[in-house]
Amino acid sequence: MKNVVVRSVTKTWGETSAVADVSFEVEQGHLVVLLGPSGCGKSTTLRMIAGLEEPTAGAIEIGGKDVRGLTGAARGVAMVFQSYALFPHLTVADNITFGLSVRGTPKAEMARRLDKVASLLGLGALLVRKPSQLSGGQQQRVALGRALIAEALVCLLDEPLSNLDAQLRQDLRREIRALQQRLGITMIYVTHDQTEAMSMADRIILMRGGRIEQNGPPAALYERPASLFVARFVGGAPMSFLDLDDGPQGAVIAGTSAPLMLPVTGRGCVLGLRPEDVAVDIGENATRLHARVTAVEYLGADALVTCAVGDRSIMARTPGGAVPQVGASVGLTWNPTAAHVFDKTSGERVSVASGGGMPQPASDSETQKGSLYA
Ligand SMILES: Nc1ncnc2c1ncn2[C@@H]1O[C@H](COP(=O)(O)OP(=O)(O)OP(=O)(O)O)[C@@H](O)[C@H]1O
Ligand SMILES: [Mg+2]
């Protein structure tokens, strides 16, 4: 069931266009992340759903109802702001129940809900403290508690972890996700951190310049990025991008003679490869794309290896126990499905029918796997 529907929503302030014709749907009980760089319109979109801004055009439905002109409470949404904005003079308990008491909720009902939320968030022992007596993570949980106690249809979070250290962020994003799944809360979560988005979301909506660049499950954005922008934004280590050109047997990496087994015209296209998809064969007999190791970044479990191919570089991720030396000659291979091809001008993904019409090296057992030979 669709819990939130955003239909062709636009928001402009004078000349500034913050959000342009954005449409998406959020299923009940799903966690949807609005992801994107600073200024792309994430907060504005969230604030329009919360009722803090009215769209210039378009419509928003929550629980099947057009919510134009309704307050946040009437829409059934609760919001957690980036700055948690706790009242410094109120205790944790009073901070959490503030909204309920403003609405005149009976005391017994308030106490029952406070008890439930405090035990969910592990705040039971802290209820009489003031915010200044809490750690950042504990304050964050109070802010979350204030949203959860409303028992709203939809919970909106705007960069809720941005003020915290790396370890706390990691702990809290697990806690928030677990809580959201356990209680079946519909959540819309804003962040510019792709790791946060990838690890928490049922769906990611990646925005750019007020528009949606791609909307899909995390794996879809990772495995089939719709554009160069998505390919750059999603994924841990950066993708390598190589200009393609037309060779005698198909698309080749510009400036090399290695034929690429891709049934596409090379000129005007860019090949994208994720480091984790590139395998490194150490040794002189490597029959793959010849390359030379120019840098190694050892990370423990694995290493990022930068390899020069002509005057271009490709990054590969190798196991920590099998790291080549700087200066070594290596051969690089990857699965055809790992080769992402984009149009250089439009930035859009070019779909590549694997194997179609391209010559295959006959005696090579690795042909099924390797998309490239030298
Ligand atoms: N009240 C306003 N008046 C005029 N322009 C605004 C207003 N609020 C936001 N904007 C502009 O709208 C655009 C989108 O802003 P928004 O706050 O939605 O971005 P964001 O994706 O949340 O960015 P960040 O990651 O930095 O928080 C920006 O160019 C911003 O300057
Ligand atoms: Mg913002």
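Just so you know, these numbers come straight off a predicted model, no measurement behind them.

### Looking at the sheet that holds strand β19 (residues 340-343)
An order of β12-β11-β13-β19 is seen for the four strands of this open sheet, with the pairing classed as antiparallel. Since the sheet does not close on itself, it has two edges, and those belong to β12 (250-253) and β19, each with one partner. On average, each strand axis in the sheet is inclined to that of its neighbour by 40°, with strand direction left out of account. Where strand β11 (residues 240-247) and β12 come together, four bridges link them in antiparallel fashion. Each residue of the ladder has a partner; that of Gly247, found in β12, is Gly250.

### Comments concerning the site of ligand 1
What surrounds ligand 1 is the set Trp13, Thr16, Ala18, Gly36, Ser38, Gly39, Cys40, Gly41, Lys42, Ser43, Thr44 and His192. Of all the secondary-structure elements, those providing two or more residues to the shell around ligand 1 are β2 (16-27) and α1 (42-50). The residue inventory of the shell around ligand 1, partitioned by class, reads three nonpolar, eight polar and one charged.

### Re the domain arrangement of the protein chain
For the protein chain, the assigned domains read domain 1 (2-233) and domain 2 (240-368). Taken together, the contact between domain 1 and domain 2 spans six residues of the former and seven residues of the latter. Along the lines of polarity and charge, the residues of the side of domain 1 that touches domain 2 split into five nonpolar, one polar and no charged.

### Points about unusual backbone geometry
Phi angles above zero are rare outside glycine, and Asp21 is one such case at about 55°. Structurally, Asp21 is set in strand β2. Under the C-beta neighbour-count criterion, Asp21 is labelled partly exposed, with 14 such atoms within 10 Å. Backbone geometry at Glu159 places phi at a positive 40°, although glycine is not the residue there. Among the structural elements, Glu159 can be located in the loop between β7 (154-158) and α6 (166-183).

Cut-offs applied
- Residues numbered from 1 in each chain as written.
- Chains lettered and ligands numbered in written order.
- Predicted model: local features only at pLDDT ≥ 70, side-chain atom pairs only at ≥ 80, totals over all residues.
- Pairing = 2+ DSSP bridges.
- Helix = DSSP H or I, 4+ residues; strand = E, 2+ residues; numbered from the N terminus.
- Axes fitted to C-alpha atoms, helices over the stretch in contact; angles between N-to-C directions.
- Near = placed C-beta within 6 Å.
- Nonpolar A, V, L, I, M, F, W, Y, C, P; charged D, E, K, R; others polar.
- Domains from an automatic or database assignment.
- Contact = placed C-beta atoms within 7 Å.
- Buried ≥ 20, exposed ≤ 12 C-beta atoms within 10 Å, placed from the backbone.

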